[in-house]
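Residue-level structural notes
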Amino acid sequence: MSNYEIKIQIGIQKTEHAPTNGVETLVEKGFRIVISQESAQSIDESEKALLSVNYPALRQALSAHLSEMSREDAERYRTGHLKKTAFIP
């Protein structure tokens with residue numbers, strides 16, 4: 001049985017980009033949100049922005065993980081290698 005490592009990398013930095021209207025998907029795999037300086041100075045607004053950008057990243061990673069696990073399970077049960085199950089009428 002395998003173990004699984006979960007990693008998350010978060011960056012917060014100054015930018016000249018205008019604030020976004022919600023989360024944006026990045027071409028290079030990832031998500032971002034740009035908030036105003038006023039929002040960045042508020043712990044509640046910063047936390048809300050971090051959580052909103054975190055959710056789609058979590059969903060994407062979980063989807064990829066479960067798809068890979070399903071693919072691996074399917075490969076174990078190729079044609080001619082049926083799993084025995086009990087038949088209960």
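Structure: see above.
These notes cover the structure that comes with them. Worth saying up front: this structure is predicted, and the values here are computed from it rather than measured.

Right, let's talk about the overall build of the protein for a bit. For the protein, the helix and strand inventory stands at two helices and two strands. The buried share of the protein, reckoned over its 89 residues, is 9%. Considering only residue pairs separated by 6 or more positions, the protein has 26% of its internal contacts joining residues 24 or more positions apart.

A word on helix H2 (residues 43-76). Taking 1.5 Å of rise per residue, 34 residues should cover 50 Å, and H2 covers 49 Å from first to last C-alpha, within 8% of that figure. Residues Ser46, Ala49 and Val53 constitute the buried set of H2.

This next bit is on a nonpolar patch on the surface. Residues Ile6, Ile8, Ile10, Ile12, Leu50 and Leu58 make up a contiguous nonpolar surface patch of about 670 Å² in total accessible area. Mapped onto the fold, Ile6 is located in the segment before strand E1 (24-26).

With that settled, the discussion passes to the side chain of Ser46. Along the polypeptide, Ser46 turns up in helix H2. Leave out the neighbours within four places in its chain, and Ser46 touches Ile35, Ser39 and Ala40.

With that out of the way, let us pick up the pattern of salt bridges. Summed over all chains, the structure comprises three salt bridges. Notably, a salt bridge pairs Glu24 with Arg32, separated by 2.8 Å at the nearest N-O pair. Of the charged contacts in the structure, one is a salt bridge between Glu68 and Arg71, with a shortest N-O distance of 2.3 Å. Here the residue Glu68 and the residue Arg71 both occupy positions in helix H2, the gap between them amounting to three residues, near one helical turn. Assessed through its relative accessible area of 33%, Glu68 is described here as partly exposed. Classification of Arg71 as partly exposed rests on a relative accessible area of 37%.

Examined against the element boundaries, Ile12 turns out to sit in the segment before E1. For Ile12, a relative accessible area of 72% translates into the label exposed. As a C-alpha pair, Ile12 and Ser46 span 34 residues in sequence and 9.9 Å in three-dimensional space.

Rules of the game
Residues numbered from 1 in each chain as written. Predicted model: local features only at pLDDT ≥ 70, side-chain atom pairs only at ≥ 80, totals over all residues. Heavy atoms only, no water. Helix = DSSP H or I, 4+ residues; strand = E, 2+ residues; numbered from the N terminus. Buried < 20%, exposed > 50% of the residue type's maximum accessible area, 1.4 Å probe, protein only. Contact = heavy atoms within 4.5 Å. Expected span 1.5 Å × (residues − 1). Patch = residues over 30% accessible without salt bridge, like charges linked within 9 Å, V, L, I, M, F, W, Y side chains within 5 Å. Areas by Shrake-Rupley, 256 points an atom, 1.4 Å probe, with all protein chains shown as cover. Salt bridge = Lys/Arg side-chain N within 4 Å of Asp/Glu carboxyl O.

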